[in-house]
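Survey of secondary and tertiary structure
The residues making up each chain are set out below.
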Amino acid sequence: MKKLLQSIAVPVTAVLIALLISAFVILAIGKNPIQAYGALLHGAFGNQQAIIDTLIKTTPLILTGLAVGFGFRAGVFNIGAEGQMAMGALMAATFASNFGGVPPAVALPLTMLIGMGAGAGWAAIAGYLKAKTGAHEVVTTIMLNWTTTYIASFMVTGPLATGSGTPKSPEISASAQLPILMRVGALELSAGILISIAAAVFMYVFLNKTTTGYEIKAVGFNPYAAEYGGISIAKNVVLAMAISGALAGLAGVTELMGVHHRFLGELSGGKGFDGISIALIGQNNPIGIIFAALLIGALRTGSNEMQFMGVSKYIVIIVQAIVIFLVAADRMVKTIYARKKVKA
């Protein structure tokens, strides 16, 4: 219980300190921080439209946060969620645009499985290279991100190109589009938010209640001890990267099926990299990641209203950066303290 309270207290305290420091920045530019934060809250939760917009932004962030956080738990730094998200959406769009005669009961799960499989396969490449050759996953996933960018660009300007203007694929079939939960004006909140939350709950159970989850965490905590105990490091590294990639691929699929209904050139839009900060703020805990993603989603939505009173939206980036710094600092202090205790 004490450990749980501490894990909650660290990010909450970090957010409060970040808001306090940012308040001084707002004062320095001659604006009222209370009014600025009031506008931020109103822009994120002030009405039904704001809430829907916040939840739409939160949906893929939960999944990319889960992707990166799961990798961290396994001792791997999956910085390729951006590419895995795009690859999942691209492959799902390629097939789902031809699902016109397929009923939704088949088209919906099949589209998600295709996207998750594409993300898993793309991430497993980096996992295999790390397990077999020792190639660092940071380097290989960055390279795969660029590879995805060029493949996607080729596909939406060549074989999948349709219409004019922004490079895009054909629209996916109606049977492959997620049901709409709420609609206000042009904003539509799809069932993707429920899928994201369900994925977080599933990952929590998987990590804490299954043998495979235990083995993956053991490899991440101490690979040498895990190997001594009969756990295969290579197998679990590849598996961890594949699961991480599947979650990132699912993030791309929820954007495809619930928001855009086609693959666009900038579908991922940096959400894969946002997953890194969300995993850190959420302490790599699947449930904590839900709230971390909601925080970032609310900041992104609310920042638009802050601009109307002359406060730059980049204040939000300052808040996010300070939160990440403080959470990371807490981890560094704990690590240094633990090492000194062992030496003593």
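The present account deals with the structure reproduced in this document. Worth saying up front: this structure is predicted, and the values here are computed from it rather than measured. (Residues numbered from 1 in each chain as written. Predicted model: local features only at pLDDT ≥ 70, side-chain atom pairs only at ≥ 80, totals over all residues. Heavy atoms only, no water.)

**Notes on the overall build of the protein**
Helices and strands together make up the secondary structure of the protein, namely 13 helices and 2 strands. Taken over C-alpha atoms, the radius of gyration comes to 21 Å for the protein, in line with the 20 Å a tight globule of 344 residues would show. Summarising its shape, the C-alpha atoms of the protein cover approximately 70 × 60 × 35 Å along the three principal directions. Across the 344 residues of the protein, 48% fall into the buried class. Positive and negative side-chain charges in the protein, numbering 22 and 12 respectively, have mean positions lying 11 Å apart. (Helix = DSSP H or I, 4+ residues; strand = E, 2+ residues; numbered from the N terminus. Rg over C-alpha atoms; globule rule 2.2 N^0.38 Å. Buried < 20%, exposed > 50% of the residue type's maximum accessible area, 1.4 Å probe, protein only. Lys, Arg positive; Asp, Glu negative; His and termini not counted. Charge placed at Lys NZ, Arg CZ, Asp CG, Glu CD.)

**Details of the packing of aromatic side chains**
If you walk through the whole model with that rule in mind, you get 4 aromatic pairs. A ring pair is formed by Phe-202 and Phe-206, whose centres lie 6.3 Å apart and whose planes are at 15°; its orientation type is stacked. On the criterion of helical spacing, the pair formed by Phe-202 and Phe-206 is a turn pair, its members being 4 residues apart in helix 7 (residues 192–209). Take Phe-202: its relative accessible area is 53%, and that puts it in the exposed class. By the ring-pair criterion, three or more aromatic residues cluster together here, those being Phe-70, Phe-202 and Phe-206. (Phe/Tyr/Trp six-rings, centres within 6.5 Å; stacked < 30°, edge-to-face > 60°.)

**Quick notes on the packing of helix 5 (residues 104–133) against helix 6 (residues 137–157)**
Where helix 5 contacts helix 6, the axes come no closer than 9 Å and their chain directions differ by 150°. Considering their axes alone, helix 5 and helix 6 lie roughly antiparallel with respect to each other. At the point where helix 5 passes helix 6, the crossing takes the right-handed sense. Of helix 6, the residues touching helix 5 (which contributes Trp-122, Ile-125, Ala-126, Leu-129 and Lys-130) are Glu-137, Thr-140, Thr-141, Leu-144, Thr-147, Thr-148 and Ile-151. Per-class residue counts for the contact of helix 5 with helix 6 are 6 nonpolar, 4 polar and 2 charged. (Axes fitted to C-alpha atoms, helices over the stretch in contact; angles between N-to-C directions. Parallel < 35°, antiparallel > 145°, perpendicular 65-115°, else oblique. Left-handed = near helix turned anticlockwise from the far one by under 90°. Contact = heavy atoms within 4.5 Å. Nonpolar A, V, L, I, M, F, W, Y, C, P; charged D, E, K, R; others polar.)

**Structural notes on the nonpolar core**
Judged by nonpolar contacts, the single largest core of 88 residues is most densely connected at Leu-66, Phe-70, Phe-263, Met-306 and Val-323. Excluding residues that lie within four positions of it along the chain, Met-306 makes contacts with Ala-36, Ala-39, Leu-40, Val-311, Ser-312, Ile-315 and Val-316. (Core = buried A, V, L, I, M, F, W, Y, C linked by side-chain atoms within 4.5 Å.)

**Observations regarding a nonpolar patch on the surface**
The grouping of Ile-197, Val-201, Tyr-204, Val-205, Ile-287 and Phe-291 at the surface amounts to a nonpolar patch, some 500 Å² of accessible area in total. Contributing elements (two or more residues each) for the nonpolar patch: helix 7 and helix 12 (286–307). Relative to the helices and strands, Val-201 is located in helix 7. (Patch = residues over 30% accessible without salt bridge, like charges linked within 9 Å, V, L, I, M, F, W, Y side chains within 5 Å. Areas by Shrake-Rupley, 256 points an atom, 1.4 Å probe, with all protein chains shown as cover. Salt bridge = Lys/Arg side-chain N within 4 Å of Asp/Glu carboxyl O.)

**What about the pairing of strand 1 (residues 180–184)?**
Sheet topology places strand 1 next to strand 2 (residues 187–190); 4 bridges connect them, and they run antiparallel. If you follow Val-184 over to strand 2, its bridge partner there is Leu-187. (Pairing = 2+ DSSP bridges.)

**A short note on helix 2 (residues 33–45)**
Taking 1.5 Å per residue as the helical rise, helix 2 with its 13 residues ought to reach 18 Å, and the 18 Å between its terminal C-alpha atoms agrees with that figure. Put simply, Asn-32 is the residue that caps the front of helix 2, since its side-chain oxygen is 2.8 Å from the backbone nitrogen of Ile-34. (Expected span 1.5 Å × (residues − 1). Polar contact = N/O pair within 3.5 Å; in protein donor to acceptor, adjacent residues only side chain to side chain.)

**A few points about unusual backbone geometry**
Notably, Gln-283 is not glycine yet its phi reads approximately 60°, a positive angle. By secondary structure assignment, the location of Gln-283 is in the loop between helix 11 (271–281) and helix 12. Of the residues examined, Gln-283 reaches a relative accessible area of 16% and is grouped as buried. Even without a glycine there, the phi angle at Asn-284 is positive, about 60°. For Asn-284, the position within the fold is in the loop between helix 11 and helix 12.

**Looking at the packing of helix 7 against helix 10 (residues 233–260)**
At a closest axis distance of 10 Å, the pairing of helix 7 and helix 10 adopts a crossing angle of 170°. Considering the angle they form, helix 7 stands roughly antiparallel to helix 10. Contact residues: Gly-192, Ile-195, Ala-199, Met-203 and Phe-206 in helix 7; Ile-243, Leu-247, Leu-250 and Thr-254 in helix 10. Counted by class, the contact of helix 7 with helix 10 contains 7 nonpolar, 2 polar and no charged residues.

**Digging into helix 11**
Among the 11 residues in helix 11, 10 count as buried, and that is most of the element. Among the residues of helix 11, those classed as buried are Lys-271, Gly-272, Asp-274, Gly-275, Ile-276, Ser-277, Ile-278, Ala-279, Leu-280 and Ile-281. Once helix 11 ends, the next one or two residues include Gln-283, with phi positive near 60°.

**Examining the side chain of Thr-254**
Within the secondary structure layout, Thr-254 lies in helix 10. Here Ala-251 takes part through its backbone oxygen, which lies 2.8 Å from a polar atom of the side chain of Thr-254. Residues in contact with Thr-254, not counting those within four places in the same chain, are Thr-59, Leu-63, Leu-178, Gly-192, Ile-195 and Val-259.

**Points about the pattern of salt bridges**
Following the criterion strictly, the structure yields 7 salt bridges and no others. Note that Lys-235 is salt-bridged to Glu-215, the shortest N-O span being 3.8 Å. Of this pair, Lys-235 sits in helix 10 while Glu-215 sits in helix 8 (residues 211–221), placing them 20 residues apart in sequence. Using a relative accessible area of 48% as the deciding quantity, one classes Lys-235 as partly exposed. Here Lys-271 ties to Glu-255 by a salt bridge, and the two come within 3.6 Å at their closest N and O atoms.

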